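# Coordinates in review
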Amino acid sequence: MKRVLTFIVVLSCTFVSAQNINDVLRYSIEETQGTARFQAMGGAFGALGGDFSAIQVNPAGSAVFNFSEFSITGSNYNRDNEVLFGNSLNSTDINSVELNQVGGVFVFKSSDSPWKKLALAFNYDQVRNFDNEFFASGNTVQGIDNYFLNFAQGVELGPLRVQDGEFIEDAYLDIGSSLGFGAQQAFLGFQAGLIEPTIDDDTNTAYFSNALYDSVNQEYIQSTSGYNSKFTLNFAGQYQESLYIGAAVNFHSVLFEQLTLLDENGYDPDSPVQFTTFDNFLRTEGYGFSFSVGAIAKLNEAIRIGGSYQSPTWYELTDDTSQRINSTLAVSDINFIDFNIVNLFEDYSIKTPSKITGSAAVVFGKDGLISFDYGYQDFSQAELTPNLDPSFAAENDFIANTLGVVNSYRIGGEFRIDQVSLRGGYRYEESPYENGEIIGDLIGYSGGIGYNFGPSRLDLAFVRTERDVNELLFTSGLDSSVDINQINTNITLSYSFKF
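Residues numbered from 1 in each chain as written. Predicted model: local features only at pLDDT ≥ 70, side-chain atom pairs only at ≥ 80, totals over all residues. Heavy atoms only, no water.

## Observations concerning the overall build of the protein
Within the protein, the regular secondary structure consists of seven helices and 22 strands. Its C-alpha atoms put the protein at 90 × 45 × 45 Å along the principal axes. The proportion of buried residues among the 499 residues of the protein is 54%. Sequence separation of at least 24 residues holds for 72% of the intrachain contacts in the protein that already meet a minimum separation of 6. In the protein, the 26 positive side-chain charges and the 62 negative ones have mean positions that sit 19 Å from each other. (Helix = DSSP H or I, 4+ residues; strand = E, 2+ residues; numbered from the N terminus. Buried < 20%, exposed > 50% of the residue type's maximum accessible area, 1.4 Å probe, protein only. Contact = heavy atoms within 4.5 Å. Lys, Arg positive; Asp, Glu negative; His and termini not counted. Charge placed at Lys NZ, Arg CZ, Asp CG, Glu CD.)

This is the structure in structure tokens:
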């Protein structure tokens, strides 16, 4: 009899270090987004201020505004991924459109106080857009059976069986709840017929593969979506003529979804297994908190310097996962384990590294300016919590030994011709890894134009960044990876008006 599937949730299921260094980097790395003027100048605004996205770099920047103002920004994101897997090269190109910035500032001036101005500001920025996709197709000597073997070795056979009168989906959820993620993966491999016990006994803990091959063909798709956004409440003041001081509190919101689809074939003709499909879906939701302080000093009419500190961001996150699998030898009801069956895991925390930014700018009156920002961020200080979890403790040691200091450099310039502003920028950011082979350095170029109508302004920016990434298809059991050349191109339009 065919069963009606329902949405099923498992609470308090140990993930066995499925949260790892990739999660830490996903929420620690921020893109240079925000207003069109900010993006066009490479984000080099630490000593300038007077822009809503500049508050993210240095919260003293809101006191540079001379009038109360409101701004709204939209962007078109283009992701172009060239993927090398084996000897095959594939290209994937996607676009998405987002409202990525909304902000307002209220400026209060005083004529009889050393505090010449006070500013209260709020701003929403999408600090990272997760919309992305890549496709890999090629030949490899490591099949997906290695993934299941790695989890199965040491797990007793008894729990991997479906008991009399038990539905397979209930068995899948029960083993995840009682024995954890690793045993749950072993269960999938066994029920799909990819692995077999060396001895047909419930106490058996050793397994072998049913897949025979020298090499296999794999097609792999990874599609991600979501955002990491930041809502900022800011307070800043101008003291006398040359000093600006500010502070901000930031409230972060995270939504991340990842779908991976694997098709595998090309086994030996006499292999019991002739095809395998294995699909996974991950959804992460959560929130975070951080704060920042900063100052800008005018040394004279032309030269400004700035400095700021951005605290770690403390995230509280929740993951849920769904899986489905099939193969030549899979049991007949394996299809009941699909994306309707959901594993919900306990909340966990991520602390991202703090950041220090030093800035300098030269302002040529009303003709234009040049600005430079230097950022220092030690990614080895990031961590997963709670630390009492042994798997998190081991992963944090790995993070501390694998990640390092990221030095970032941003240069921006603006040239004004009456109401027209021409802008350009350059951005260089080092790899967060010590060796730089898994994630390479990032290089970005930007340009833009703005027109000042007096009470309002319209700005347009074009940004191109490029980075090489080496990404594992699966984090356990096999080391098959893809080399990705990531080229991101943003076109951004902002409108702001004074009131």
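Having put the structure on the table, let's press on.
## As for the environment of Gly-294
By secondary structure assignment, the location of Gly-294 is in strand β10 (residues 276–298). Not counting chain neighbours up to four residues away, the residues in contact with Gly-294 comprise Asn-58, Pro-59, Ala-60, Tyr-244, Ile-245, Gly-246, Gly-307 and Ser-308.

## What to know about the packing of helix α5 (residues 168–179) against helix α6 (residues 181–191)
Packing of α5 against α6 leaves a shortest axis separation of 8 Å and a crossing angle of 150°. In terms of axis orientation, α5 runs roughly antiparallel to α6. Taken together, the residues of α6 that come into contact with α5 (itself represented by Ile-168, Ala-171, Tyr-172, Leu-173, Ile-175, Gly-176 and Leu-179) are Ala-183, Gln-184, Phe-187, Leu-188 and Gln-191. Split into classes, the residues belonging to the contact of α5 with α6 amount to nine nonpolar, three polar and no charged. (Axes fitted to C-alpha atoms, helices over the stretch in contact; angles between N-to-C directions. Parallel < 35°, antiparallel > 145°, perpendicular 65-115°, else oblique. Nonpolar A, V, L, I, M, F, W, Y, C, P; charged D, E, K, R; others polar.)

## Concerning the confidence of the model for the protein
Put simply, the protein has an average pLDDT of 94, and 96% of its residues get 70 or more. Below pLDDT 50 for its whole length, residues 4–17 participates in 42 contacts with residues either more than four positions away or in separate chains. (pLDDT = per-residue confidence, 0-100.)

## So, the pairing of strand β3 (residues 88–109)
Of the strand pairs in this sheet, strand β2 (residues 69–85) and β3 are connected by 17 bridges, and their pairing is antiparallel. Considered in β3, the bridge of Asn-78 is made with Asn-95. Joining the antiparallel neighbours β2 and β3 is a turn of two residues, in which Gly-86 adopts a positive phi near 65°. In the sheet, β3 pairs with strand β4 (residues 115–129) via nine bridges, with the strands oriented antiparallel. Each residue of the ladder has a partner; that of Lys-109, found in β4, is Lys-117. Linkage of β3 to β4, two consecutive antiparallel strands, is achieved through a turn of five residues. (Pairing = 2+ DSSP bridges.)

## Notes on the environment of Val-254
Looking at where Val-254 falls in the secondary structure, it is placed in strand β9 (residues 243–265). You can call Val-254 buried: its relative accessible area is 3%. When the C-alpha atoms of Val-254 and Gly-447 are compared, they prove to be 29 Å apart, with 193 residues separating the residues in sequence. Residues in contact with Val-254, not counting those within four places in the same chain, are Tyr-27, Tyr-227, Asn-228, Thr-284, Glu-285, Gly-286, Tyr-315 and Leu-317.

## Things to note about the pattern of salt bridges
This model, assessed by the stated rule, comprises 16 salt bridges. For Asp-23, the salt bridge is made with Arg-26, and the minimal N-O distance between the two is 3.0 Å. Placement of both Asp-23 and Arg-26 in helix α1 (residues 21–28) is noted, with a separation of three residues, approximately one turn of the helix. Accessibility expressed as a relative area gives 13% for Arg-26, which makes it buried. Here Arg-457 ties to Asp-459 by a salt bridge, and the two come within 2.8 Å at their closest N and O atoms. Using a relative accessible area of 18% as the deciding quantity, one classes Arg-457 as buried. Under the relative-accessibility criterion, Asp-459 is labelled buried at 2%. Among the charged side chains, a salt-bridge network with shared partners connects Arg-37, Glu-414, Arg-416, Arg-423, Arg-457 and Asp-459. (Salt bridge = Lys/Arg side-chain N within 4 Å of Asp/Glu carboxyl O.)

## Side note on the pairing of strand β8 (residues 216–239)
One ladder, built from 13 bridges, connects β4 with β8; its direction is antiparallel. Bridge pairing links Ala-119 to Ala-236 in β8. Where strand β5 (residues 132–140) meets β8, nine bridges bridge the pair, whose relative direction is antiparallel. When the sheet's bridge partners are listed, Glu-133 is paired in β8 with Ser-223. Linkage of β8 to β9, two consecutive antiparallel strands, is achieved through a turn of three residues, within which Gln-240 is found at a positive phi near 55°.

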